Amino acid sequence: LTFSYGGPDCVLDYIDLTIERGEKIALLGKNGQGKTTFVRLINSELTPTKGSIELGHNVLAGYFAQNQEDILNKADTVFDTLDKIAVGDVRTKLRDILGSFLFSGEDIDKKVEVLSGGERARLAMAKLLLKPYNLLILDEPTNHMDIKSKEILKQALINYSGTIVLVSHDRDFLEGLTNKVYEFSNKRVLEHLDTIEEFVEKRRLNNLKEIEKSTK
């Protein structure tokens, strides 16, 4: 796969890889190296300039963009947001599901428009996990979350049995969650069969923000 936004320079140049079922992959690299472009290509928001992307049989992808919480219907209540998409027996468990994402009591009757950024992010993620997706594509999902919200999301993703492709620079969030690293550099994607802990140790990084400055 090759992708360009129309100019002479490619963002991604001859990417050739396979993501297997059940893998939980962290996408790392400097800003502007194509991480968000890559996940938008997987989600069919962009079309490859050359080459192709093929989803496996019966793959159903859910996408959490950086502005995901902003596209919730602000006129809906917290409960309505999930109730509108819930089907079958899960409708009887909506209060429990919302409770696991820290929405309880009168909170579930709040309008989306009065929620904080972190609350909206939690609600957007609960909405995403409520659908029967077997591939989750997550672009910086913890940007507006506090520590407790991150812990709740991380545990939900650890328990998730499907495939995860995750853009994040939050080492604490990624540790124990992902089992492979794709590093974006110089228009290519380098595959590392490492956990985040192993990757950081090999690269001698203090934190994942340092990879944005690295020229290796």
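Draft legend 1. Fine view of the packing of aromatic side chains. This structure, assessed with the given rule, holds two aromatic pairs. Geometrically, the ring pair formed by F3 and Y5 is edge-to-face, given 4.7 Å between the ring centres and 90° between the ring planes. Taking relative accessible area as the criterion, F3 reaches 5% and is therefore assigned buried. Relative to F184, the ring of F38 has its centre 5.4 Å away and its plane inclined at 65°; by these criteria the two rings are edge-to-face. With F38 in helix 1 (residues 35–42) and F184 in strand 5 (residues 180–185), this residue pair connects regions lying 146 residues apart in the sequence. Of the two residues, F38 and F184, both sit in the buried class. The positively charged end of R122 is found above the aromatic ring belonging to F103, 5.0 Å away from the centroid.

Draft legend 2. Spotlight on helix 4 (residues 117–130). For helix 4, spanning 14 residues, the distance from its first C-alpha to its last is 20 Å, which sits close to the expected 20 Å at 1.5 Å a residue. Of all 14 residues in helix 4, eleven are buried, a share of seventy percent or more. The inward-facing, buried residues of helix 4 contact strand 2 (61–64), helix 2 (78–83), helix 3 (94–100), strand 3 (135–139) and helix 5 (147–159).

Draft legend 3. Layout of the side chain of E119. Summarising the element assignment, E119 is placed in helix 4. When residues no more than four places from it in sequence are discounted, the contact partners of E119 are F103 and K110.

Draft legend 4. Local environment of a nonpolar patch on the surface. On the surface, I53, L55 and V59 cluster together into a nonpolar patch covering about 210 Å² of accessible area. Topologically, V59 is positioned in the loop between helix 1 and strand 2. Residue class for V59 comes out partly exposed when judged on its relative accessible area of 32%.

Draft legend 5. Structural view of the side chain of K35. By the element assignment, K35 lies in helix 1. Of note is the side chain of K35, whose polar atom sits 2.9 Å from the backbone oxygen of G29. For K35, the residues in contact, after removing those within four places along its chain, are L27, L28, G29, K30, V167, H169 and F184.

Draft legend 6. Seen up close, the nonpolar core. Membership of the largest hydrophobic core comes to 40 residues, with the highest contact counts inside it found for L82, L98, F103, L123, L136, L138 and L157. With seven residues, the single largest contributor to this core is helix 4. Residues within four places of L82 in sequence aside, it is in contact with L94, I97, L98, L123, A126, K127 and L130. Judged by nonpolar contacts, the second largest core, of 21 residues, contains L1, I15, L27 and Y182.

Conventions we followed
Throughout, a residue's number is its position along its own chain's written sequence, starting from 1. Whole-chain, interface and lining totals are the exception, using all residues; otherwise, since this is a predicted model, local features are given only for residues with pLDDT of at least 70 and side-chain atom pairs are given and counted only at 80 or more. For side-chain calculations, the full set of non-hydrogen atoms in the structure is used, while hydrogens and water are omitted. Only rings of Phe, Tyr and Trp enter the pairing, Trp through its six-membered ring, and a pair is recorded when the two centres are within 6.5 Å. The plane angle decides the type: under 30 degrees is stacked, over 60 is edge-to-face, the rest tilted. Only protein chains enter the accessibility calculation, which uses a 1.4 Å probe; a residue is then buried when its area is under 20% of its type maximum, exposed when over 50%, and partly exposed in between. The secondary structure listing takes helices from DSSP runs of H or I that are at least 4 residues long and strands from runs of E that are at least 2 residues long, numbered from the N terminus. In this scheme, the term charge over a ring applies when either NZ of a lysine or CZ of an arginine sits within 6 Å of the ring centre and within 35 degrees of the ring normal. Here, expected helix span is obtained from the residue count minus one, scaled by 1.5 Å. Between two residues, a contact is recorded if the distance between any of their heavy atoms is within 4.5 Å. Within this analysis, patches are made of residues with over 30% relative accessible area and no salt bridge. Like charges are joined at 9 Å or less; nonpolar side chains (Val, Leu, Ile, Met, Phe, Trp, Tyr) at 5 Å or less. Working definition of accessibility: Shrake-Rupley area with a 1.4 Å probe, residue cover restricted to the visible protein chains. Within this document, salt bridges are pairs made up of a side-chain nitrogen of Lys or Arg and a carboxyl oxygen of Asp or Glu, the two lying within 4 Å of each other. Within 3.5 Å is the distance limit for a polar contact, defined as a pair of N or O atoms, with the added protein rule that one can donate a hydrogen and the other accept it, and that residues adjacent in sequence qualify only through two side-chain atoms. By convention a nonpolar core is built from buried Ala, Val, Leu, Ile, Met, Phe, Trp, Tyr and Cys residues, the set being connected through side-chain atoms within 4.5 Å.

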